[in-house]
Amino acid sequence: MQSHHPATSSRGVRLASHATGVPTDGISCPAVSPRLTEWVPRLLDDLTPQTERIIHHTTTEDPWQTSSKLLTRIHPGWTDTDHTWNDDMAEAVAYIRAITMRALTYDTDTENLSSFHQQRQTDLTKTVTAIGTGRGSVNASLGALAKGPVALHRELDAQPTVLTLQLDGEAWTNLEDRRTGVRALAAIAVLADGFDVRLVVSPALQRHLSKRYPRWTECHLDLTESRERSHQSTTHHAQTIDAAWNAIRDLDTEPGKRRLLGNLTTTHARRYDELTADNAIDIAAGTVNRYVLDLETRGLVTVDRRGQQHAVQLTDLGKQAVTACLDDDYGLVHPDQRRLDERLTATPQDFTSTVSTQRVGAPETIPPDEWVAATGNPDTGADYIQWLTDPDTAPDSRLHERFATVAHDDAITLVDDHPSAFEDGRVAYLSHRCDELLVVLQWGGPLATLGRLAGALLSDKALSEVLTPSRLGHEFENLNDDTAEYSVGRVLRRGRQIGWCRDADTTYEAWRGRITTVRDRLLSRVAKLATSDNATARSELFADLHGLVASATQLYHAVGIDLTTTLRIPETATLARNATRLKNLCEFLAKTVPKQSVYGIHSGYRLLFEDRPAKLCRRLPYEAKPDTQLDLTMSWVVAGPTATALQDDITTTLREELATVREAIADGTETAPTLEIPVVDGTTYPSIRRVIDGVAMTHDIQWTPRETQQLVRLCLRSFGPADTPRRACPYDVVEILLRALKESHTPTPADVERAAATLPATRFRPDLTPTATKLYASLLRADRPLGRAELIERAGISASSYDRRLIDVRALDRVRAVQVDGHRRWTTADAIASARTGVNTSLTLLGAQPHSPYRVVSTHSDVSTRRRTTRAQTTLSTPSPQTMREITDPVNRHLPRQPVGNVSHHDHDVSLRDHPIDHTMGNSHHRLTEPSSTPPRSTTWRGETQ
């Protein structure tokens, strides 16, 4: 048997065991879990004495001079004023300053130090042990670890320091989020650049790492067999492509990573700042490092962390993946399919028997969402603010209806959708029709998003087409003041709290000139502070932007324009996994939405939340009617793949924000109306019912109650997630209803399902396999029974796929087998079968929801309760289906606004008594009590009056 000799110290990662002959020497770190923050600080703390000894033996000069010399030695360009430090470099400089100060100043026992120096030493220790964990001085990533302790030891260590890491087998094998493990393994690889890293892992954990992280283990531990070893060149090539496909195949839901990969080369490295600035990649600066870490773990890229800016380039495997597995639009293409495509040529004839789902000669239609996402680049001529139009550039009513119908008035509506990312996230859309204005924009962080909203509402397009002199009046005489007691200027400044409105600005021309100047000045500050760390300047800008938005929405409300803002978040799941980004979104909504609250001509926000005496003195007198509520001047829609999963977080943050009413209101000294903000799940049965009723009202469709029930169930079955059959995307519902209306003025449920069959297979009947969906859609679109050969041809599938999936299609309610000339054919029945659960199915559907689809957050309860409590109460209530059915308006989104003290006779739709019991969700205002008198809507901002 071959004897093992003790391994000499060398930089890298090695397994430490009797089998490998690598001993477990040096600094030991037990229980290493996949979470960096659990073991990296411990390791750095144990490493600190060794680092201090090295520094102490190197020099005994002044700590500041020593640290400067070390930085110059390790990072020669660190004093170059032409290059700004990134977070990694800044944290690395702080680390070397701190560790040098500890080594040369605090080399005595802590007990001999004064309290000041004890605290200072504690602060230095925190700086030293938090580097690279995301919790350091500037929350830097692993690059700081590479440029700090790793670079220092690599430069000063004559022999590499040995680090023995004992991996926690249970923590690694039970880890659900693979990316957490990727980051931990990347940290180990970073440490290996300056230390001799020895891993202690069990045989079971070895197998687990080899299976879950094959590229990393093959590169660093050689635990996996290479797939590219072959004596025959053809086999080698095939296995290399296979390895590339296996490394990239699960990036089908990660378009950002695919774009990043497709814009790299093997010839030269690209710095992180270059990748961030590349519009073709279009990912945020904070996302680059995380994406690169994952691609590095897959073996697709290599990272050079030696300079001030990390640089990344493709490996040979990455080049193979880009060449063989990505198309020109960075979509995934299986290598076999790509090779097949290269061998095919265009068909020489236009026969209808060609295998294609596209009708010959029919124009190619662009999906609405993709058309909206094609914003163009403002840097090359596109507008920052654009009108929402159809592909034919005509002013659009269909897209307008698509975005407007799903929104619940005076609420935050959450919609599960898969919006395509804007080509340029800085662009915002406007759509104006009658008395409604829509704003569609993409989430880009709280400050940038607020700036885009302000820029859209007060854009030149909006001022020229919506907030015009004819609508406002040349001296604002057209505003609905509900009173002649005060002058226009006084109402604007002290009632509606319009900001930047001086005595000389009470004419339209003067106001427009001043407000556009303010708008341009604030937007220029957004560009400068969007990525700034200056908390004071950012806070001041947030306040100004909130005032600008509140002033704008107040004016829109005053002239009777309903506002709806759709906030598109293409990657809600990614956002939800990041605590900071999720908090930013929730706080953005919690702090922005309440500022758009009004009571008659009064600012609701100033009535409830303002506590500064100087601002409170600048209010018009008001009298709060009993049991009245504030209104919102803007409705909100948050759309993303998993937007409804954010309901709890948004509600919780909103509850905390609304609990901070002014003390006089909290203790009952001052009466004030209640502010209620519903947070609505827009994918549930009542919401889909409301969408269908809204389309029916707009287009005067006379559906019977039974047909409406069937349509709701059809939509829930056809457009919901495969694992959640009682939900549906309301955008798809609107789209297929509008398609059906092209064929018939009163389309039947069967007509609607036939229209739904024109959607892509991924959006229609997701409960079926794609092949079964194509077969079913082909049957729905056919005007006669089809046999096996025709179905295969129309669906564009193989014969074997047809044979496997026909049984799934046969099981559907509408599919029937018929005999034509002695041959069996398949067709669909004209009528859609009713649900077997009877007329009360809607209540079953509502009760089966995993969480309440409708939640209301309010500031405080009724007057008597307020007087008994010592602080404001925040209530969160869920109405029963019966209550919701009794109090909601199913169709009308634009009821006449009622002054304080008046009650609209249209608050209830009398047709409800003719509807079945499942008519539970209306549109408009959803209240938990009987409708009360509500004032006209207005808005304000804390302290915006100039």
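These numbers were taken from a predicted model, which means no experiment stands behind them.

Undergrad: For this particular structure, what's the right way to read the packing of helix α34 (residues 770-781) against helix α36 (residues 799-810)?
TA: In a packed pair of helices, the relevant descriptors are the angle between the two axes and the axis-to-axis distance. Closest axis-to-axis distance for the α34/α36 pair is 9 Å, and the angle between their directions is 70 degrees. Here α36 runs roughly perpendicular to α34, going by the angle between their axes. With respect to the hand of their crossing, α34 and α36 are arranged in right-handed fashion. Along the contact surface, α34 presents Thr771, Ala772, Leu775, Tyr776 and Leu779, while α36 presents Ser801, Tyr802, Arg805, Leu806, Asp808 and Val809.

Undergrad: What should I look at first to understand the pattern of salt bridges in this one?
TA: For side chains bearing opposite charge, pairing can occur when the charged atoms are close. Applying the stated criterion across every chain yields a total of 29 salt bridges. Here Asp383 and Lys461 are joined by a salt bridge, their closest N and O atoms 3.3 Å apart. Of this pair, Asp383 sits in the loop between α16 (368-373) and β8 (385-387) while Lys461 sits in helix α19 (residues 460-465); the two residues are 78 residues apart in sequence, bridging distant segments of the chain. Ionic pairing is found between Arg765 and Asp767, a salt bridge with its closest N-O pair at 3.0 Å. Residue classification places Arg765 among the buried positions, given a relative accessible area of 5%. Exposure remark for Asp767: the relative accessible area of 40% places this residue in the partly exposed category. Salt bridges sharing common partners tie together Arg178, Lys257, Asp294 and Arg298.

Undergrad: Just to check I follow, could you spell out the nonpolar core for this structure?
TA: Nonpolar side chains in soluble globular proteins generally cluster together in the buried interior. In terms of nonpolar packing, the biggest core is built from 67 residues, with Ile412, Leu457, Leu467, Trp511 and Tyr556 touching the most fellow members. In contact with Tyr556, not counting residues within four places along its chain, are Leu437, Leu457, Ala462, Val466, Leu467, Ile561 and Leu563.

Undergrad: Just to check I follow, could you spell out the sheet that holds strand β6 (residues 301-304) for this structure?
TA: Hydrogen bonding along the main chain pairs the strands of a sheet, whether they run parallel or antiparallel. Spatial ordering of the open sheet is given by β5-β7-β6, a layout of three strands whose pairing is antiparallel. Each of the sheet's edge strands pairs with one partner strand only, and the pair in question is β5 (270-271) and β6. In this sheet, strand β7 (residues 311-314) lies alongside β6 in antiparallel orientation, the contact comprising four bridges. Paired with Asp304 across the two strands is Ala311, which belongs to β7. Each of β6 and β7 touches helix α13 (residues 285-297); the most contacted strand, β6, lies at about 125 degrees to it.

Undergrad: I keep staring at the environment of Val406 and nothing clicks. Help me out?
TA: In this structure, Val406 sits in the loop between α17 (398-405) and β9 (412-416). Linking Val406 and Ile688, residues 282 residues apart in sequence, is a C-alpha distance of 8.5 Å. Not counting residues within four places of it along the chain, the set of residues in contact with Val406 comprises Thr413, Val637, Arg690, Val691, Pro730, Tyr731 and Val734.

Undergrad: Help me out: how do you make sense of helix α35 (residues 788-795) in this one?
TA: It helps to recall that an α-helix has 3.6 residues per turn; residues three or four apart then point in one direction. Turning to α35, its buried residues number three or more, namely Leu791, Ile792 and Ala795. Buried positions in α35, seen along its axis, are confined to an arc of 100 degrees and lie on one side of it. Of the surrounding secondary structure, the elements contacted by the buried residues of α35 are α34, α36 and β19 (823-828). Positioned one or two residues after α35, Gly796 has a phi angle of 70 degrees, which is positive.

Undergrad: Can you help me understand unusual backbone geometry in this one?
TA: Trans is the prevailing form of peptide bonds, just as negative phi is the prevailing case for residues other than glycine. A positive phi is found at Asp410, a non-glycine position, where the angle reads about 55 degrees. With respect to the helices, strands and loops of the structure, Asp410 is situated in the loop between α17 and β9. Residue classification places Asp410 among the buried residues on the basis of a relative accessible area of 3%. At Asp700, a residue that is not glycine, the phi angle is positive and equals roughly 55 degrees. With respect to the helices, strands and loops of the structure, Asp700 is situated in the loop between α30 (685-699) and α31 (705-719).

Undergrad: Whenever I open this one, the environment of Leu463 confuses me. Can you help?
TA: Take Leu463: it is sitting in helix α19. It is 8.1 Å that separates the C-alpha atoms of Leu463 and Arg512, two residues lying 49 residues apart in sequence. With sequence-adjacent residues up to four places away left out, Leu463 is seen in contact with Leu458, Thr468, Tyr508, Trp511, Arg512, Thr516 and Arg519.

Undergrad: For this particular structure, what's the right way to read the side chain of Ser778?
TA: You can see Ser778 is positioned in helix α34. Using a relative accessible area of 3% as the deciding quantity, one classes Ser778 as buried. Within the local environment of Ser778, its side chain forms a polar contact with the backbone oxygen of Lys774, the two atoms lying 2.8 Å apart.

Undergrad: What is the right way to look at the confidence of the model for the chain in this model?
TA: Low-pLDDT stretches of the model should not have their predicted coordinates read in fine detail. Of all residues in the chain, 74% have pLDDT values of 70 or greater, and the mean over the chain is 75. Per-element confidence in the chain ranges from a low mean pLDDT of 35 for helix α39 (residues 881-887) to a high of 95 for strand β12 (residues 562-568).

Undergrad: What's the story with the packing of aromatic side chains in this structure? I'm lost.
TA: Note on aromatic pairs: each is described by the distance of the centres and the angle between the planes. Taken as a whole and judged by the stated rule, the model has eight aromatic pairs. Judged by centre distance (5.7 Å) and plane angle (65 degrees), the rings of Phe403 and Tyr731 are edge-to-face. Residue Phe403 is found in helix α17, and its partner Tyr731 is found in helix α32 (residues 730-743); the two are separated by 328 residues along the sequence. In this pair, the class of Phe403 matches that of Tyr731, namely buried. Aromatic ring contacts, followed pair by pair, group Trp443, Phe588 and Trp636 into a single cluster. Across the ring face of Trp64, the terminal group of Arg97 is positioned such that the distance to the ring centre comes to 3.5 Å. Just above the ring of Phe403 sits the side chain of Arg402; from NZ or CZ to the centre is 5.4 Å.

Undergrad: Honestly, the sheet that holds strand β4 (residues 196-200) in this entry has me stumped. Any pointers?
TA: Strands sit in the order β1-β4-β3-β2 across an open sheet of four strands; the sheet is parallel. The sheet terminates laterally at β1 (12-15) and β2 (27-32), the two strands that pair on one side only. The average undirected angle you get between the axes of adjacent strands in this sheet is 25 degrees. Examined bridge by bridge, β1 and β4 share four bridges and lie parallel to one another. Paired with Val13 across the strands is Val197, a residue of β4.

Undergrad: Help me understand the environment of Thr133 in this model?
TA: With respect to the secondary-structure elements, Thr133 resides in the loop between α4 (115-129) and α5 (142-156). On a C-alpha basis, the gap between Thr133 and Val40 in space is 7.2 Å, while along the polypeptide they are 93 residues apart. Apart from residues no more than four positions distant in its own chain, Thr133 is found in contact with Thr37, Val40, Pro41, Ala140 and Arg183. Among the polar contacts listed, one links the side chain of Thr133 to the backbone oxygen of Ala130, at a separation of 2.7 Å.

Rules used throughout
- Residues numbered from 1 in each chain as written.
- Predicted model: local features only at pLDDT ≥ 70, side-chain atom pairs only at ≥ 80, totals over all residues.
- Heavy atoms only, no water.
- Axes fitted to C-alpha atoms, helices over the stretch in contact; angles between N-to-C directions.
- Helix = DSSP H or I, 4+ residues; strand = E, 2+ residues; numbered from the N terminus.
- Parallel < 35°, antiparallel > 145°, perpendicular 65-115°, else oblique.
- Left-handed = near helix turned anticlockwise from the far one by under 90°.
- Contact = heavy atoms within 4.5 Å.
- Salt bridge = Lys/Arg side-chain N within 4 Å of Asp/Glu carboxyl O.
- Buried < 20%, exposed > 50% of the residue type's maximum accessible area, 1.4 Å probe, protein only.
- Core = buried A, V, L, I, M, F, W, Y, C linked by side-chain atoms within 4.5 Å.
- Pairing = 2+ DSSP bridges.
- Arc of directions from axis to C-beta.
- Polar contact = N/O pair within 3.5 Å; in protein donor to acceptor, adjacent residues only side chain to side chain.
- pLDDT = per-residue confidence, 0-100.
- Phe/Tyr/Trp six-rings, centres within 6.5 Å; stacked < 30°, edge-to-face > 60°.
- Lys NZ or Arg CZ within 6 Å of the ring centre and 35° of its normal.

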